[in-house]
Amino acid sequence: MNKPLRRVAIFAGLLVLALLARVNWLQFVQGEELSTHKDNRRVAIGRYAIPRGDIIVGDKSVTGHAETTGSDFKFKRTWKDGPLWAPVTGYASQAFGANQLEEINDGILTGTDDRLFFDRTIDMITGEERQGGDVVTTINADAQRAAYNGLKGKKGAAVAIDPKTGAILALVSTPSYDPSSFAGNSDKDSEAWTKLNSDKNKPMLNRALRETYPPGSTFKVVTAAAALENGTYDIDQNTHSDPVHYKLPLTTDSWLPNPIAGKCGNASMEVGLQWSCNTVFAKVSDEVGNKAMIEQAEKFGFNEEQFVPIRSAESVYPEMDRPQNALGGIGQSSVRATPLQMAMVAAAVANDGKLMKPYLVDKLLAPNLDTIERTEPQELREAVSEETARKLQQGMETVVRDGTGAPVQLTNATVGGKTGTAQHGDKNEALPYAWMITYAKGENGKDVAVAVVVEDGSADREQISGSGIAGPIAKSVMQAIVGKGA
Amino acid sequence: MSSQHHTSTIGVAGAPSRRNTELAMLVFAVVIPVFAYINVGLAKDGSVPAGALGYTLGLGCLAAVAHLVVRKFAPYADPLLLPIATLLNGLGLVLIWRLDQEPSITTDQLGGAMAPGQLLWSTVGIGLFVGVLVLLKDHRILQRYTYISMVVALFLLLMPLIPGIGRNVNGARIWISIPGVGSLQPGEFAKIVIAVFFAGYLMVKRDALALASRRFMGVYLPRGRDLGPILMIWGVSLMILVFETDLGSSLLLFGLFVIMLYVATERTSWIIFGMLLSAVGAVSVASFNSHVGLRVDRWLNPLDRVPDGAGGMGVTETAQALYSIGSGGMMGSGLGQGYSRLIGGIAPKSDYILSTVGEELGLTGFMAILILYGLLVQRGIRTALAARDPFGKLLAVGLSGAFVLQVFVVAGGVTALIPLTGMTMPFLAQGGSSVIANWALIAILLRISDTARRPAPAPAQNPDAEMTQVVRP
């Protein structure tokens, strides 16, 4: 019987070997995957086992932490002024995960990033607990507050960019939310989360980055850029525009009127910008053609997602037939843009045509405050030539000096801008969106480009105009950067 | 001639008893769990746990008693079996105590702290161990009870089906509860009794089964009438699978029978038959029985979320166990610093105790534990090789085979190598029946090994051998 006994011994050995192979597979080969799996609660437990690193604006942190009891998690995230900063930081909740900067830089904030390996090793040797690093944003606290205060009580968003670097100076979305309200793991947090998610005003939607709006007349800057770049018209050349209305091509009775009477007959693009003439830019867009319009829009960043590093929604200038393309030239039809996108348009014009890649994170700091990574300004592409940019500046500055953009004039800065009142909804019956894009080149050497959009805040249609509602907000943001002046 | 000394299969006459080796190993087997115990205390509270001294003394006493009894009643027994069993039992106690420190899985509804009870059961187990060694002077006595064993085994296996005392836990009906005593898993004892029955039965029938067969396509096919017993066992194991929905016991029973049949008859054809029958049984039951089918599904898609009964989608126990093991990595989080409690309920202490091993002791610790089981089994089969009587050989290989199958089925289930079954990891997992039965199993193996390795009595001096007397009429 010994021969089969030896074989049974080998069989038993093989069974144990199979188990050994299996645990090697689970713990060595699949170990990383399993230990970081999204359903593995250890990830969240580890994330909140230590005080989370902070997100810093200027030289002050806008976040903090508090101890929690009664669950697996030791610490939770807190915010000093949640609704103000939520569009920048996002949330980090024990129960509901994290998003935006809190999610993207989770490794740094929790101290588990590979770039902190050396620090962790030192901590292990000295017996200290793992520490989280900090994230320093490019946000200017004054500009952020100015934009937030301006938008308070309204639905809308504002983005400010430094045209020379692409650094995002303000990023506001209203109505906002307080991420502290659901940062924990209790029933109360759960209630707050459910309530915020079912709120019809969508407070957790980051309108500055993730909502696309018809850009309305602010898009005329892009149309003018396309015409200048393609040599269709010069900025002060007569476009032979109709003074009253424009018949959409290929239609018999679709007429597009002008918002302001008596200024738009045989106007140049500069005058067209100044009085926001629909007849000028619908005609120009049609003459430039859909293909060239798409090309120009894409140079400004349309039809692609931006990563700042938070992902923004894609702004769209699609392929359209002639009448729709003519409407697209005045920012209607299927054209849609995020507030970030329109701020990028203003910034590229202000920066003599060079579009800088927008960014929100200045640098990442190790727990010992060493800089781990710093974002260097980066040119995304040349949106328009320098010559075109100067002509567009001329046009946009005329708008402010002596046109629809007069409310954003500043004494201590050269200001260019473009207003917009975008129709939307079925048969354009919904309250229109008020837009304003501006840039300011301050006497203090600081530049800023701003885009503001306010959703249907007022029941009175006549009240909603870019300059009337969005203008003052843009102005206060610009003042936060270039100073109030005399 | 020295060639005899190289023969490893037959116990060499005059071999050393190796009791001192056993004693030295036992010291490690006690010290290692004690260090583990202190480690848990330091990790959880930063201080040496108050029970450290008591635990050391308790485990030390049990080991000492067991050792002294072996020294007295089975002096030539294998020196590794007792230390390995003690080490596994000791580590099991530490792991259960460590999980008792997690309030979320030690609530009153879940039965509270379980380490004290397990220590008590371990003591009872050692008591049974001592009883077997003292009372069972020779394992061949068991041969007399072949058919009684069969009846007892069938009764034990089918007990959970008796209305009133059978209990359904997690969908498997493998428990019975006796009022006043508590609940137990008769299957744990059944595996020993069955091994006794198979060994006795096959010893008698082996020639008939082995020789009376026809050759067909290179394999020896058994005669129809000899297929009877194998089909009967197959039927019983399927019944267990269908009515108790217990994949583990069914696999254990059938696998055990095939192994012993193969050893008894030395016929490969029996293995082929066994494999075929178990494959047919497993596939048909898996497709018709929802509980078994569900477990197979969990095994194939271990990380999928399933409805949690509260309207949401929950993480399954299988997935939790895999996350736990996977999070251990190479070195583990350290005792007391893992989160295997996330599996929930009392499962981390019983069925899923290995996930705590994986998470807190890491790949290193997990492999060490598996190798300990492997060593224990190989010592058991070594005992079978050394045994000089066919019954002893069959019984030893049967017990070792049952042990390794159980280890494979449990560890394979927890690591999702095979579908999960409701069996407990011998010695490590919480459960009174299991620890008591396995101590008895070790005692029987020690008894067989003692008989096998005991030096043959020196031939009596025969004065007649000196010279031949010629008797003349």
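Residues numbered from 1 in each chain as written. Chains lettered and ligands numbered in written order. Predicted model: local features only at pLDDT ≥ 70, side-chain atom pairs only at ≥ 80, totals over all residues.

Per an unreviewed UniProt entry, chain B goes by Putative FtsW-like protein and derives from Streptomyces smaragdinus. Quoted verbatim from the Subcellular location (unreviewed entry) field of the UniProt record, the comment on chain B reads "Membrane". (UniProt positions renumbered as here; feature names shortened; annotations may be inferred.)

Chain A carries the name Penicillin-binding protein A in an unreviewed UniProt entry, which gives Streptomyces smaragdinus as its organism.

The next thing to look at is the overall build of chain B. When helices and strands are tallied, chain B shows 15 helices and 7 strands. A total of 473 residues make up chain B; the buried ones form 51% of that total. Partitioning the contacts of chain B with sequence separation of at least 6, the portion at a separation of at least 24 is 72%. (Helix = DSSP H or I, 4+ residues; strand = E, 2+ residues; numbered from the N terminus. Buried ≥ 20, exposed ≤ 12 C-beta atoms within 10 Å, placed from the backbone. Contact = placed C-beta atoms within 7 Å.)

This part covers the overall build of chain A. Helix and strand counts for chain A come out as 18 helices and 18 strands. For the C-alpha atoms alone, the extent of chain A along its principal axes is close to 110 × 60 × 40 Å. The buried share of chain A, taken over its 486 residues, is 55%. Across chain A, contacts joining residues at least 24 apart in sequence account for 68% of those joining residues at least 6 apart.

Counting from both sides, the interface comprises 43 residues of chain B and, opposite them, 30 residues of chain A. Elements with a minimum of two residues in the side of chain B that touches chain A: helix H9 (247-265), helix H12 (317-328), helix H13 (353-386) and helix H14 (390-414) of chain B. Per-element accounting of the side of chain B that touches chain A gives the leading share, 13 residues, to H13(B). Per-class residue counts for the side of chain B that touches chain A are 27 nonpolar, 13 polar and 3 charged. (Nonpolar A, V, L, I, M, F, W, Y, C, P; charged D, E, K, R; others polar.)

Our focus in this paragraph is the nonpolar core. With 156 residues, the main nonpolar core has Phe198(B), Leu256(B), Met260(B) and Leu394(B) as its most contacted residues. Counting residues in hydrophobic clusters, the runner-up holds 133 residues, among them Tyr91(A), Met204(A), Val288(A) and Ala346(A). (Core = buried A, V, L, I, M, F, W, Y, C linked by C-beta atoms within 7 Å.)

A separate point is H9(B). Residue and element names in this part refer to chain B. With 19 residues, H9 ought to run about 27 Å at 1.5 Å a step, and its terminal C-alpha atoms sit 27 Å apart, in line with that. Counting buried positions over the 19 residues of H9 gives 19, a clear majority of the element. Following H9 by one or two positions, Glu266 has its phi on the positive side, about 60°. (Expected span 1.5 Å × (residues − 1).)

Of note, the amide linkage connecting Thr174(A) to Pro175(A) takes the cis form, showing an omega dihedral of -5°. Considering the arrangement of structural elements, one finds Pro175(A) in the loop between strand S9 (168-174) and helix H9 (187-198). Not every positive phi belongs to a glycine, and Ser276(A) is a case in point at roughly 50°. Mapped onto the secondary structure, Ser276(A) falls in the loop between helix H12 (269-274) and helix H13 (278-288). Positioned with a positive phi, Phe427(B) is a non-glycine residue whose angle comes to about 70°. If you trace the backbone, Phe427(B) turns up in the loop between H14 and helix H15 (432-453).

A word on the sheet that holds strand S18 (residues 447-454) of chain A. Residues and elements named next belong to chain A. Taken together, the 5 strands give an open sheet; going across it, the order is S9-S8-S18-S17-S16, and neighbouring strands pair in antiparallel fashion. Only two strands of the sheet have a single partner each, and these edge strands are S9 and strand S16 (413-422). Sheet twist, expressed as the mean angle between neighbouring strand axes with direction ignored, is 10°. Sheet strands touched by helix H16 (residues 339-350): strand S8 (156-161), S16, strand S17 (433-442) and S18. Its angle to S18, the strand with the most contacts, is close to 150°. (Pairing = 2+ DSSP bridges. Axes fitted to C-alpha atoms, helices over the stretch in contact; angles between N-to-C directions.)

All names here are of chain A. Across the sheet, 5 strands lie side by side as S2-S1-S7-S13-S14; this open sheet has mixed pairing. Each having just a single partner strand, strand S2 (60-61) and strand S14 (371-374) make up the two edges of the open sheet. In terms of strand pairing, strand S7 (residues 134-137) meets strand S13 (residues 361-365) through 4 bridges, oriented antiparallel. In the sheet register, Thr137 faces S13, and the bridge partner there is Val361.

Moving on to the pairing of S17(A). Residue and element names in this part refer to chain A. With 9 of 10 residues buried, S17 is to be regarded as a mostly interior element. Of the strand pairs in this sheet, S16 and S17 are connected by 10 bridges, and their pairing is antiparallel. Looking across to S17, one finds that Thr419 is bridged to Met436. Note that S17 and S18 share 8 bridges and pair antiparallel. Residue Lys441 lies in a different strand from S18, and its bridge partner there is Asp447. If you look at the hairpin formed by S17 and S18, you'll find 4 residues sitting between the two strands, and Gly445 has a positive phi there, around 85°.

A few words now on the packing of helix H4 (residues 81-100) of chain B against H15(B). Residue and element names in this part refer to chain B. Orientation of H4 relative to H15, taken along the N-to-C sense of each, is 170°, at an axis distance of 10 Å. Classified by the angle their axes make, H4 and H15 are roughly antiparallel. Touching Leu81, Leu82, Ala85 and Asn89 of H4 are Val435, Ile442, Leu445 and Leu446, all from H15. In the contact of H4 with H15, the residues fall into 7 nonpolar, 1 polar and no charged. (Parallel < 35°, antiparallel > 145°, perpendicular 65-115°, else oblique.)

Side-chain positions along a regular strand alternate between the two faces of the sheet. All names here are of chain A. Examined bridge by bridge, S13 and S14 share 3 bridges and lie antiparallel to one another. When the bridges of S14 are listed, Lys363 appears paired with Arg374. With antiparallel pairing between neighbouring strands as the criterion, S13 and S14 make up a hairpin whose turn holds 5 residues, including Leu369 at a positive phi of roughly 75°.

Before going further, it helps to examine the environment of Ala12(A). The topology assignment puts Ala12(A) in helix H1 (residues 2-29). Taking the C-beta count within 10 Å as the criterion, Ala12(A) has 25 such neighbours and is therefore assigned buried. Beyond its immediate sequence surroundings of up to four residues, Ala12(A) is in contact with Val377(B), Gln378(B), Ile381(B), Ser400(B) and Val404(B).

Turning our attention to the confidence of the model for chain B. All names here are of chain B. Predicted confidence across chain B gives a mean pLDDT of 84, with 86% of residues reaching 70 or more. Considering each helix and strand of chain B separately, the mean pLDDT is smallest for helix H1 (residues 3-6), with a value of 46, and largest for H13, with 95. Low pLDDT, under 50, characterises residues 1-12; the stretch is placed with 8 contacts to residues that sit more than four places away or in other chains. The ipTM assigned to the predicted complex is 0.90, against a pTM of 0.73. (pLDDT = per-residue confidence, 0-100.)

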